[in-house]
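# A structural walkthrough
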Protein chains: 2
Amino acid sequence: MSKLLVFGHQNPDTDAITSAIAYAYLLNQTGMEAEAVALGLPNEETAYALEKFNVNAPRVIETAANETDTVVLVDHNEAQQSVSDIKDVEVYAVVDHHRIANFETANPLYYRAEPVGCTNTILYKMFKEKNIAIPADLAGLMASAIISDSLLFKSPTCTEEDKEAATALAAIAGISLEEYGLTMLKAGTNLGTKTVAELLTLDAKSFPMGDKNVRIAQVNTVDVQDVLSRQAELSAAMEAANQTENYDLFLMVITNIIESDSALLAIGSPLDAVEEAFGVKLVNNTANLPGVVSRKKQVVPPLTDVFTK
Amino acid sequence: MSKLLVFGHQNPDTDAITSAIAYAYLLNQTGMEAEAVALGLPNEETAYALEKFNVNAPRVIETAANETDTVVLVDHNEAQQSVSDIKDVEVYAVVDHHRIANFETANPLYYRAEPVGCTNTILYKMFKEKNIAIPADLAGLMASAIISDSLLFKSPTCTEEDKEAATALAAIAGISLEEYGLTMLKAGTNLGTKTVAELLTLDAKSFPMGDKNVRIAQVNTVDVQDVLSRQAELSAAMEAANQTENYDLFLMVITNIIESDSALLAIGSPLDAVEEAFGVKLVNNTANLPGVVSRKKQVVPPLTDVFTK
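Each chain has its residues counted from 1, following the order in which its sequence is written. By the order in which they are written, chains take letters starting at A while ligands take numbers starting at 1. The model is predicted, so local features are restricted to residues of pLDDT at least 70 and side-chain atom pairs to those at 80 or more, both for listing and for counting; the totals for chains, interfaces and linings are taken over all residues. Think of the side-chain values as coming from all heavy atoms in the structure, minus any hydrogens and water.

## With respect to the sheet that holds strand E2 (residues 34–36) of chain B
Which entries qualify depends on this criterion: Any two strands between which DSSP finds at least two bridges are classified as paired. Only runs of H or I of at least four residues qualify as helices and only runs of E of at least two qualify as strands under DSSP, and these elements are numbered from the N terminus. Here the axes come from fitting lines to C-alpha atoms, over the contacting stretch only for helices, and the angles between their N-to-C directions go from 0 to 180 degrees.
One open sheet holds the 10 strands; their spatial order is E2(A)-E1(A)-E3(A)-E4(A)-E5(A)-E5(B)-E4(B)-E3(B)-E1(B)-E2(B), and the pairing between them is mixed. The strands lining the two open edges of the sheet, one partner per strand, are strand E2 (34–36) of chain A together with E2 of chain B. If you compare each strand with its neighbour and ignore which way they point, the axes differ by 20° on average. Relative to strand E4 (residues 90–96) of chain B, strand E3 (residues 70–74) of chain B runs parallel, the two being bridged by five bridges. Across the sheet, Val72 of chain B pairs through a bridge with Ala93 of chain B, a residue of E4 of chain B.

Take a look at the structure:
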């Protein structure tokens, strides 16, 4: 077996980048040769965390088989989210907190999944189980990932285990979760420099619902009005995307990470289904969604219910 | 969530039966409502272990969705080895030591796999991690599974962790691994009373390989020739099964647990792929496989390589 390359999913977020760093460290401590790499550059939030804890960004790889025959996946397992030549290498281990799909191996492997809010929460447990100390800087990165995935524990995906892990990691790192966490999350909300096209693709996914094709983009911010000041431009781009990409409905969820709620901008049809799903009245194509921060748990399910009933 | 049903694979062996019992016990100790069940009756080896440690055989289920919406898989994950209506229930957790294939969930779950020789070795670690004591009778069953899967540590699937776990479990159970182990293994080699149909289903699994459907049965014995004396009858039954069950290829692996090697009987096609996989020449559809005792490590991988190259 050649050196293990450890990496998270494409378009990496803070958990994808830092869980690769943390697991590579853990593997090294148990005598394995492992290197953390990434399938893309860090976003602004992740770059802030890496700089804060003096850790270099993992180098970016396009393919794996040209340098190893064995890889380790973190924060994902589905082939379409992984390295392009995943079929040409053997998966030695996976640590993940997502559903399992489109994943198959020829041989037995290490697979550790738990339905918690963050991959680093599982890794924290693995360090404890193996009695391996976590260096302060690494603990800071791992806490950053839990803050990121849970929006400082406010997301409904967050579990008690995530909170316990983040609290323990913050103590090792010597940081205040609230103070550092909010600063880090804000570093990822620097949307002023982004084009409208970037805002709509930064974190966007398509969902077939009944016979409709629904596109849902989400951005995190500390100033919803700042984003909505570009509503005319955003609406025009969403309208255009509906035409060219055959979306029936394009929703933009603008999440205020301080207030833990979101503004919704809805373009396309049927808009009355949107109103029914969230129990709101759209005014000028917008509505407030109090308490909504999770696309996975709070946006997709009520919409799916309305479109498939 | 209704009560968790915990079960191993079809045609259960000692690990499939006892890992369900062990994991259901562990889940109960952590406050979950869980019941160990089975997808078939215990074989003679397992029956010997259950009687030795005064534990009742789990009740046999045909389907799961009629009594629960949530299940736990042990010692397997592939849908074709699982309960017939696996698609109609949600998988809450998996503990396994096999490759992952033909397995997909809609939601995040607990998944714990390690490339060790026995599911009960992983469960032993989970008991330790959660600081839950293992009762003596349960420890005896768990040690029995490791003895069974590792053929008393002679199988290449056996790892240091399996030996450590078995040694610790034997101490809790108050048994001698060598003495009890050999008696238990021999209890499972009483093949003279078995019909040909029974020999072919005692421990048989299906494996999709490339575009072929391969069935592989394995029996343990202390007298390979005694089994091969029924070759004509076995071949006819395998031929018939290929027709009715749509297997392309049916392999029977007859393993001598004292000598630690196997005889192979291959029926169906392509037989040249079998010869290529094992580097042997089939004579009258049979070949010796020196040193081969593990279907998982020494039979499935070389065959898969040939069928998927």
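This is not the end of the story, as more comes after the structure.
## So, the pattern of salt bridges
Heads up, the rule is: Salt-bridge detection follows one rule: a side-chain nitrogen of Lys or Arg within 4 Å of a carboxyl oxygen of Asp or Glu. Exposure categories follow from relative accessible area, calculated using a 1.4 Å probe and restricted to protein chains: below 20% of the type maximum is buried, above 50% is exposed, and the middle band is partly exposed.
Under the criterion given, the structure shown has 25 salt bridges over all chains. Residue Glu129 of chain A pairs with Arg112 of chain A through a salt bridge whose shortest N-O separation is 2.8 Å. A residue pair is termed long-range when its members are at least 10 positions apart, and Glu129 of chain A in helix H3 (residues 119–129) and Arg112 of chain A in strand E5 (residues 110–113) qualify at 17 residues. According to the relative accessible area criterion, Glu129 of chain A is partly exposed, its value standing at 31%. Arg112 of chain A sits in the buried class, given a relative accessible area of 8%. The salt bridge involving Glu67 of chain B is made with Arg59 of chain B; its shortest N-O contact spans 2.6 Å.

## With respect to the UniProt feature "binding site: Mn(2+) 1" (unreviewed entry) in chain A
Residues and elements named next belong to chain A. Applied cut-off: UniProt positions are given in the numbering used here, feature names are shortened, and annotations may be inferred rather than shown by experiment. In what follows, a contact means two residues having at least one pair of non-hydrogen atoms within 4.5 Å. By the criterion applied in these results, polar contacts are pairs of N or O atoms within 3.5 Å in which, for protein atoms, one can donate a hydrogen and the other can accept it, and in which residues neighboring in sequence qualify only through two side-chain atoms.
Mapped onto the present numbering, the UniProt feature "binding site: Mn(2+) 1" (unreviewed entry) falls on His9, Asp13 and Asp75. In summary, the annotated positions, though distributed over 67 residues, converge in three dimensions, the widest C-alpha pair being only 9.7 Å. The residue Asp13 is located in the loop between strand E1 (4–7) and helix H1 (14–29) in this model. Residue classification places Asp13 among the partly exposed positions, given a relative accessible area of 24%. Not counting the four nearest positions on each side in its chain, Asp13 is found in contact with Asn43, Thr46, Asp75 and Asp149. Polar side-chain contacts of Asp13 include one of 3.4 Å to the side chain of His9. Secondary-structure assignment places Asp75 in the loop between strand E3 (70–74) and strand E4 (90–96). Classification of Asp75 by relative accessible area gives buried; the value is 2%. Every residue in contact with Asp75, bar those within four places of it in the chain, is listed here: His9, Asp13, Asp15, Ala16, Ser19, Val95, Asp96, His97, His98 and Thr119. A distance of 3.0 Å separates polar atoms of two side chains, one belonging to Asp75 and the other to His9.

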